[in-house]
Protein chains: 2
Amino acid sequence: MGSRVLRVGLVQHACGNDREANLVTTIAGIEQAAAEGARLVLLQELHRSRYFCQQEDARHFDLAEPVPGETTARLGELAARLGIVIVASVFERRAAGIYHNTAVVMDTDGSLAGRYRKMHVPDDPGYCEKYYFTPGDLGFSAIQTSLGKLGVLVCWDQWFPEAARLMALDGAEILLYPTAIGWDDTATEQTRSLELEAWLTIQRAHAISNCLPVLACNRTGFEPREPDSAAGIRFWGNSCIIGPQGEILVRADSDAPAALVADIDLSQSGELRTVWPFFRDRRIDAYGELLKRYRS
Amino acid sequence: MGSRVLRVGLVQHACGNDREANLVTTIAGIEQAAAEGARLVLLQELHRSRYFCQQEDARHFDLAEPVPGETTARLGELAARLGIVIVASVFERRAAGIYHNTAVVMDTDGSLAGRYRKMHVPDDPGYCEKYYFTPGDLGFSAIQTSLGKLGVLVCWDQWFPEAARLMALDGAEILLYPTAIGWDDTATEQTRSLELEAWLTIQRAHAISNCLPVLACNRTGFEPREPDSAAGIRFWGNSCIIGPQGEILVRADSDAPAALVADIDLSQSGELRTVWPFFRDRRIDAYGELLKRYRS
């Protein structure tokens, strides 16, 4: 089997209150990654705005837009111009009262190859996503592009091995996670270190258990919970490209913008799955209780 | 909620051809761990013998024994004398032509608290387990002991997030993996490093995604495929005790015997699951395809 090397990239940066300025920053990063040869570029979660989910505030619904819409049009045009695939993240207004945290895939011809609506929606202090986002109802379906089939998931999904597995079972050749995660500055150094390490580890594990490369793209910068408040989230960056044995190929800093690229070989997955035949041996006859909330 | 600190241990060593000598070595390690305060001790996979699965040879079925049998009797007596729980591994002869790779749990009173028959059975060069072991038919059930509920799995199971999750959903408070895994000496240094790191990472990930401590106990030593052959497996040790955020608390060397202990706090899991509420958010309505071999 011949190699199928694909240069992939990701764009990490801080976001401000100006949606247009954020997109300009993102586009500059995409162009940089493309100039370095990336044929697929992953963006961070909700890259057009600050992470507005720190508070429940009905005014933030005004940030939403339809899909297709302005963001997909502009990124589609860019994808076509550069001849690359772009995996972006949009606060989707689907209908009155129905909003989603949606990842969109723009193909090399600029068309919308598909969308994924975040299935696992978090809600904990500083991440009030259950208020804003209706849980996805499109399931875990890999998206076909001209470069390969993509298992696009979003942030909180990255803690659920079920989601990665379902994408792998649907033929995904790469797992991709637009993300917004960070530290609480009041946490201890030890807690912050454990959290970042856990985040890197769980994603490396999705690579390992599915023999697939993984891309995760996170934002940077401190965003206050309310204007001028000291409380908020310090987004930890560390966007990374991971090989199919869980090896980190490139990894960004925690506090600087980055447009990183790395080569992944899509033919490796098939080879690895013959050396490590996990998919042959899944005990699907005995997994029924995975569909339960708890077994007692 | 008060803390529930439990000192746990594991015993890693090389095995020779003498079943009795192997058990004497194991018992010495258990006694050492108990002397250091361990109240639960995990043993490596098939610790009474060499890893006989490198070749298909019908004579090796003579190594099997019933459960309960000699090994459970002797380890049960030891567990009662020391007042500890022992998680051991037995080549179980269940009936004519039905053998299992079975983990057994001896409670503090010496009784057999339960058994787990390896559900995922590997088969690849050097690991001919499908020849020897009938796949387990007891499912993924956690075993209640006087010290807590144990999610006991075996080796190849450790690559399947489904198995860890099912044990967590059954109320397991600790995940335990008796293991026999090693390097092919002809592999490159890079391959060997990737494999060991993947093995550590996948187990740390089970801890993270389930907010549970994990114990993995592996053997050491080179065992030739055939007497005096240069081909064989160099078992890589690295037995470890991992906290519920994936942090490695203690880890043994790759080539030396070890009786390691560490303190784990069983109350941490409940606290972590409120900070990281993964179990609240599993999309059980959308996981049905996990029960399929593949989706196309």
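Structure: see above.
The sections below set out a description of the structure shown in this document. This is a predicted model, so every value here is computed, not measured. (Residues numbered from 1 in each chain as written. Chains lettered and ligands numbered in written order. Predicted model: local features only at pLDDT ≥ 70, side-chain atom pairs only at ≥ 80, totals over all residues. Heavy atoms only, no water.)

Now for the overall build of chain A. Check the secondary structure of chain A and you find seven helices and 15 strands. The C-alpha radius of gyration computed for chain A amounts to 18 Å, which stays within 12% of the reference 19 Å derived for 296 residues, consistent with globular compactness. Projected onto its principal axes, the C-alpha coordinates of chain A cover approximately 55 × 55 × 40 Å. Burial status across chain A gives 61% buried among its 296 residues. Look at the contacts in chain A between residues 6 or more apart in sequence, and 69% of them connect residues 24 or more apart. Working note: accessible area of chain A is about 10400 Å², and carbon and sulfur atoms make up 51% of it. (Helix = DSSP H or I, 4+ residues; strand = E, 2+ residues; numbered from the N terminus. Rg over C-alpha atoms; globule rule 2.2 N^0.38 Å. Buried < 20%, exposed > 50% of the residue type's maximum accessible area, 1.4 Å probe, protein only. Contact = heavy atoms within 4.5 Å. Areas by Shrake-Rupley, 256 points an atom, 1.4 Å probe, with all protein chains shown as cover.)

Time to look at the pattern of salt bridges. Oppositely charged side chains can pair when the atoms bearing their charge come close. Residues and elements named next belong to chain A. Enumeration according to the criterion identifies 57 salt bridges over all chains in this entry. Across the pair Glu45 and Lys118 runs a salt bridge whose closest N-O atoms are separated by 2.9 Å. Taken as a pair, Glu45 in the loop between strand 2 (40-43) and helix 2 (70-82) and Lys118 in the loop between strand 5 (112-117) and helix 3 (129-132) lie far apart in primary sequence, 73 residues in all. Three or more residues are tied together by salt bridges with common partners; here these are Arg19, Glu20, Arg48, Glu65, Glu70 and Arg74. (Salt bridge = Lys/Arg side-chain N within 4 Å of Asp/Glu carboxyl O.)

Glancing now at the interface of chain A and chain B. In this complex, chain A contributes 55 residues to the contact, which on the side of chain B involves 55 residues. Where chain A abuts chain B, roughly 5600 Å² becomes buried across the two surfaces, and 61% of that area is made up of carbon and sulfur atoms. Sorting the residues of chain A by area buried against chain B places Leu290(A), Arg293(A) and Arg295(A) first, and these three jointly supply 13% of that buried surface. A salt bridge links Arg282(B) to Glu162(A); the shortest N-O distance between them is 2.9 Å. (Buried area = accessible area lost by both parts, 1.4 Å probe.)

Moving on, we get to the side chain of Ser269(A). Residue and element names in this part refer to chain A. Along the polypeptide, Ser269 turns up in helix 6 (residues 268-275). For Ser269, a relative accessible area of 8% puts it in the buried group. For Ser269, the contacting residues outside a window of four places in its chain are Cys211, Leu212, Pro213 and Pro244.

A few words on helix 4 (residues 161-169) of chain B. All names here are of chain B. Among the nine residues in helix 4, nine count as buried, and that is most of the element. Every buried residue of helix 4 is accounted for by Pro161, Glu162, Ala163, Ala164, Arg165, Leu166, Met167, Ala168 and Leu169. A positive backbone phi angle near 95 degrees is found at Gly171, which sits one or two residues after helix 4.

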